[in-house]
Amino acid sequence: MKAILLNMTGLLRFRYYFALVLGLIMFLTGCREPQDWILNSNSGGALGTSYNITYLGSEELNFQRDIDSVFNVVNQSLSTYIPDSDISKINRGDTLEVDHMFRDVFRLSKSVFEETDGYFDPTVGTLVNAWGFGPGQQIQLDSAKVDSLLEYVGFQKVRLNESDEIIKEHPAIQFDFNAVAKGYAIDRLAAMLKDKGIENFLVEVGGEIVSSGENKLKKKEWVVGVDDPQARDARRLKLALKLSDEALASSGNYRKFRIDSISGKKYVHTIDPKTGFTKNSRVLAASVIAEDCARADAYATAFMAMELDRSIALLSKSKDLEAYIIYLDEEGETQEFFTTGFEERILR
């Protein structure tokens, strides 16, 4: 009996050390870097702009079908340019249970609306159309007409009920999530890549970016650029940044605007939800770094509508936002404002 117990003890000890060694081998194997990283990429057009997606793996990969699927489902939920999308139906007054993407964007928008004191407000859809920047009909506007349309603006006038339906105080209230939907789509693309086991990638859609891991081919962080808003003839980089596991979004009035064919007046696409008018402010462009691109996108848009001192005050209190704002001073000279964290990421 004693011999049997000794044998059993030896067997258990053997199994213990075998399991320990096997676990160590698996750990080291799992942590080992691939000898040769393969660069994979997809590019094309979506959301009214272009996209470039770079991802690294140990083999050749092509996620084009998955990428197209992400764009399609986001469009079907949030695009005002698709007549049968959820947002288009809601804007027409339909009642429906919205999907998780609409709920995500709605809740984020409410949060940023409150944090910016209403300067970020996706219920400006009626005004976006009226000023000629949406799919709806452009109309001639004066102070009286703008004032009447402001009745249909205000995120405090909408809510998401327990049945996941959007309730509006007035049927004419219209949503326009274009200032956050692109960033959200990029976040969904990043989530898709991570679900595929990809840890090192760079997703860029229309200048908005999400980075993950690092550029293993160069053994350093991903490097991205910020456009110069004062470049007239062609795109020109203002500065380069090092990014890792974070998002970057920029907003400016230097690309999206229209010129009235009769008066020759320039109308920028930034609409001040407080006044209802398009806003030609001293702020030329704003770039924001955040943990996710939807949030960075929303704040970059808000900073274009807010006065500079309001934006700086908000940033001074924030623990998770970094920003770079280009503006004109009282003499019309170009000036720059950096948060400390943003400046630290600049490639010198």
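Above: the structure in question.
Given the structure is predicted, the values throughout are model-derived calculations rather than measurements.

Student: So what's going on with the overall build of the protein chain? Which residues, and what values?
Tutor: Looking only at helices and strands, the protein chain has ten helices and 14 strands in total. Each of the 348 residues in the protein chain was classed as buried or not, and the buried ones make up 46%. Across the protein chain, the fraction of contacts at a sequence separation of at least 24, relative to all contacts at a separation of at least 6, is 57%. For the protein chain, the exposed area adds up to about 18800 Å²; of that, 49% sits on carbon and sulfur atoms.

Student: Please set out the side chain of Thr-123 residue by residue, giving values where relevant.
Tutor: You can see Thr-123 is positioned in the loop between α4 (100-115) and α5 (125-130). Classification of Thr-123 as buried rests on a relative accessible area of 0%. Within the structure, the side chain of Thr-123 is placed 2.5 Å from the side chain of Asp-121, a separation counted as a polar contact. Of the polar contacts made by the side chain of Thr-123, one reaches the backbone nitrogen of Gly-154; its length is 2.7 Å. Setting aside residues up to four positions removed in sequence, Thr-123 forms contacts with Tyr-152, Val-153, Gly-154, Phe-155, Val-158, Ile-173, Gln-174 and Phe-175.

Student: Could you give an account of helix α2 (residues 64-78), with specific residues and numbers?
Tutor: Over its 15 residues, α2 runs 21 Å from end to end, which matches the ideal 21 Å to within 8%, given 1.5 Å per residue. The set of residues buried in α2 consists of Ile-67, Val-70, Phe-71, Val-74, Asn-75, Ser-77 and Leu-78. Lining the buried residues of α2 we find β1 (38-46), β2 (49-57), α3 (86-91), α4, α7 (178-195) and β5 (201-205).

Student: Account for unusual backbone geometry, with residues named and values stated.
Tutor: Of note, the phi angle at Leu-47 is positive, near 55°, even though the residue is not glycine. With respect to the element layout, Leu-47 can be found in the loop between β1 and β2.

Student: Tell me what's going on with the environment of Lys-182, and back it up with residues and numbers.
Tutor: Mapped onto the elements of the fold, Lys-182 is located in helix α7. Sequence spacing of Lys-182 and Asn-75 is 107 residues, and the spatial spacing of their C-alpha atoms is 9.7 Å. Excluding anything up to four places from it in sequence, Lys-182 contacts Leu-47, Thr-49, Val-205, Gly-206, Glu-208 and Asp-297. There is a polar contact of 3.4 Å between the side chain of Lys-182 and the backbone oxygen of Gly-206.

Student: Give a description of the sheet that holds β2 that names residues and reports values.
Tutor: To summarise the sheet geometry, strands pair through backbone hydrogen bonds and adopt either a parallel or an antiparallel arrangement. Taken in spatial order, the eight strands of this open sheet run β1-β2-β5-β6-β9-β12-β13-β14, and their pairing is antiparallel. Across the chains shown, the open sheet's two edge strands, defined by having one partner strand only, are β1 and β14 (334-338). The mean inter-strand angle of the sheet, taken between neighbouring strand axes irrespective of direction, is 10°. The pairing of strand β6 (residues 208-212) with strand β9 (residues 247-252) spans two bridges and is antiparallel.

Criteria and thresholds
Residues numbered from 1 in each chain as written. Predicted model: local features only at pLDDT ≥ 70, side-chain atom pairs only at ≥ 80, totals over all residues. Heavy atoms only, no water. Helix = DSSP H or I, 4+ residues; strand = E, 2+ residues; numbered from the N terminus. Buried < 20%, exposed > 50% of the residue type's maximum accessible area, 1.4 Å probe, protein only. Contact = heavy atoms within 4.5 Å. Areas by Shrake-Rupley, 256 points an atom, 1.4 Å probe, with all protein chains shown as cover. Polar contact = N/O pair within 3.5 Å; in protein donor to acceptor, adjacent residues only side chain to side chain. Expected span 1.5 Å × (residues − 1). Pairing = 2+ DSSP bridges. Axes fitted to C-alpha atoms, helices over the stretch in contact; angles between N-to-C directions.

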